[in-house]
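Here are the chains, one letter per residue:
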Amino acid sequence: MSAQGKPSARLTVRKLKEMKAKGEKIACLTAYDASFAQVLDSNGVDVILVGDSLGMVIQGLDTTLPVTMDDMVYHGQAVARGVNHALLMLGMPFMSDASVEKAVENAGRFMQQAGANMVKMEGGADQQELVTSLTRLGIPVCAHIGLQPQRVHKLGGYRVQGREQAAAEQMLEDARVLEAAGADMLLLECVPEDLAAKICQQAKVPVIGIGAGNACDGQILVLYDILGISTGHIPKFSKNYMVENSDIPSAVKAYVDDVKQGRFPAPEHCF
Ligand code: KIV
């Protein structure tokens, strides 16, 4: 049931797994308000992420680190009002999962106050205990590995992850451990395409890529990047869909069609 007491027609974790099994690509985008969420929802987007990227594209910050739980709940509630068909995923902001207790309380807030269907959490195998605890409580988790923007200072910048053999082996292990702990989906950011392909082959759960090549089970991009309105550095893995489309719904639809047909990402978007 939805928060309004209507039966929910949103896509489920089970359906996402079926899509992977059938080789049906999963189209995902971020959104931060009800109006854009409604456009995405009615143009075939399967998963809508309220990401802490809102710190950069909405709040004009340099990193996602200052984004708070209250910011996320506020935008999550707004987006939830525009979503009928897509699965709604909310990203846990920096420090909201600093301990198992905090993660359980904050993920619970996303489910109860913002109507989330899944939470996304950055981190590798070291997040195993958190994923197990959330899974035990029935909270679906998407584990975000590869480039983790909340660790930008530790990583020394926004750079491709897993290029060296040891790092690649560690990422395969992270994916395995997180899935075994109960993660229902994996998200790979800025990963060489051959490594991403191995992770997709190993995983039984859907693997969504952003800058992770075409073998992934689905793709995600930041909405403002595909609409050409992000300022500053535009990542190589993104594409401005407003160049060939005259309105926002058509741009969203073109992105969804490209993902579904395997046309996006093209070789020039991959590492
Ligand atoms: O926060 C976010 O929007 C994300 C995407 C870039 C995947 O994590």
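Preceding block: the structure.
Residues numbered from 1 in each chain as written. Predicted model: local features only at pLDDT ≥ 70, side-chain atom pairs only at ≥ 80, totals over all residues. Heavy atoms only, no water.

Asks: Pulling in residues and values, what's your account of the overall build of the protein?
Replies: Helix and strand content of the protein: 11 helices and 8 strands. The C-alpha atoms of the protein give a radius of gyration of 17 Å, which matches the 18 Å a tight globule of 271 residues would have. Seen along its three principal axes, the alpha-carbon backbone of the protein occupies a region of about 45 × 45 × 40 Å. Every one of the 271 residues in the protein was classed for burial, and the buried ones make up 58%. Taking the intrachain contacts of the protein between residues at least 6 apart in sequence as the baseline, contacts between residues at least 24 apart amount to 63%. Total accessible area on the protein stands at roughly 11,900 Å², and carbon and sulfur atoms take up 51% of it. For the protein, the distance from the average site of its 25 positive side-chain charges to the average site of its 31 negative ones is 4 Å. (Helix = DSSP H or I, 4+ residues; strand = E, 2+ residues; numbered from the N terminus. Rg over C-alpha atoms; globule rule 2.2 N^0.38 Å. Buried < 20%, exposed > 50% of the residue type's maximum accessible area, 1.4 Å probe, protein only. Contact = heavy atoms within 4.5 Å. Areas by Shrake-Rupley, 256 points an atom, 1.4 Å probe, with all protein chains shown as cover. Lys, Arg positive; Asp, Glu negative; His and termini not counted. Charge placed at Lys NZ, Arg CZ, Asp CG, Glu CD.)

Asks: Explain the site of the ligand to me, and be specific about the residues and the numbers.
Replies: Around the ligand sit Thr30, Leu49, Gly51, Asp52, Ser53, Lys120, His144, Leu187, Ile210, Ile220 and Val222, and that is every residue in its neighbourhood. At a separation of 2.5 Å, an oxygen atom of the ligand approaches a polar side-chain atom of Ser53. At 3.1 Å, a side-chain N or O of Lys120 approaches an oxygen atom of the ligand. More than half of the atoms of the ligand fall within 2 Å of the grid points belonging to the largest pocket. A breakdown of the residues in the shell around the ligand according to their chemical character gives 5 nonpolar, 4 polar and 2 charged. (Near = heavy atom within 4 Å. Polar contact = N/O pair within 3.5 Å; in protein donor to acceptor, adjacent residues only side chain to side chain. 1 Å grid on protein atoms, 1.4 Å probe; cavity = no way out; pocket = protein on both sides within 12 Å on 5 of 7 lines; lining within 4 Å. Sits in = over half its atoms within 2 Å of the grid points. Nonpolar A, V, L, I, M, F, W, Y, C, P; charged D, E, K, R; others polar.)

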